[in-house]
Amino acid sequence: MTSVLATRFASSAVCLRSPVPLTDDQIRVAAPSIFALEKHASRSERYAYVPTIEVLRALRAEGFAPLMVAQTRVLAT
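Note that the coordinates shown come from a computational prediction; the quantities given were computed from them, not determined experimentally.

Some points on the overall build of the protein
Then step 1. Helices and strands together make up the secondary structure of the protein, namely 2 helices and 2 strands.
Then step 2. The contacts in the protein between residues at least 6 apart in sequence include a share of 66% that link residues at least 24 apart.
Then step 3. Of the roughly 6,500 Å² of accessible surface on the protein, 58% is carried by carbon and sulfur atoms.

With respect to the side chain of S18
Then step 1. Take S18: it is sitting in the loop between β1 (14–17) and α1 (24–30).
Then step 2. Engagement of the side chain of S18 in a polar contact is seen with the backbone oxygen of V20, the distance being 2.8 Å.

Considerations on the packing of aromatic side chains
Then step 1. In the structure shown here, the tally under the stated rule is 0 aromatic pairs.
Then step 2. Sitting over the face of the ring of F35, R28 holds its NZ or CZ atom 4.0 Å from the ring centroid.

With respect to the pattern of salt bridges
Then step 1. In the structure shown here, the tally under the stated rule is 4 salt bridges.
Then step 2. Here R28 and D25 are joined by a salt bridge, their closest N and O atoms 3.5 Å apart. Of this pair, R28 and D25 both sit in helix α1, separated by 3 residues, roughly a single helical turn.
Then step 3. Exposure remark for D25: the relative accessible area of 57% places this residue in the exposed category.
Then step 4. Here E54 and R57 are joined by a salt bridge, their closest N and O atoms 3.0 Å apart. One end of the pair is E54 and the other is R57, both in helix α2 (residues 52–61) and 3 residues apart, which spans about a single turn.

How each quantity is defined
Residues numbered from 1 in each chain as written. Predicted model: local features only at pLDDT ≥ 70, side-chain atom pairs only at ≥ 80, totals over all residues. Heavy atoms only, no water. Helix = DSSP H or I, 4+ residues; strand = E, 2+ residues; numbered from the N terminus. Contact = heavy atoms within 4.5 Å. Areas by Shrake-Rupley, 256 points an atom, 1.4 Å probe, with all protein chains shown as cover. Polar contact = N/O pair within 3.5 Å; in protein donor to acceptor, adjacent residues only side chain to side chain. Phe/Tyr/Trp six-rings, centres within 6.5 Å; stacked < 30°, edge-to-face > 60°. Lys NZ or Arg CZ within 6 Å of the ring centre and 35° of its normal. Salt bridge = Lys/Arg side-chain N within 4 Å of Asp/Glu carboxyl O. Buried < 20%, exposed > 50% of the residue type's maximum accessible area, 1.4 Å probe, protein only.

Listed below in structure tokens is the structure:
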């Protein structure tokens, strides 16, 4: 079994790919939500918020590096 990377996102998605690891500044431009410091107001008190940037930092500490980032925009109906 091989993993397949998602290659298609919604037309409103901002996507950045690089052959070298992305910096925090590059990631911030394409996916600012990664740097959110608190949960969205729509989340309940039961929702346990884990900042995505902390997950990314932990992955980097283990030797992983981001080569692609994408953020889609959900349209309310």
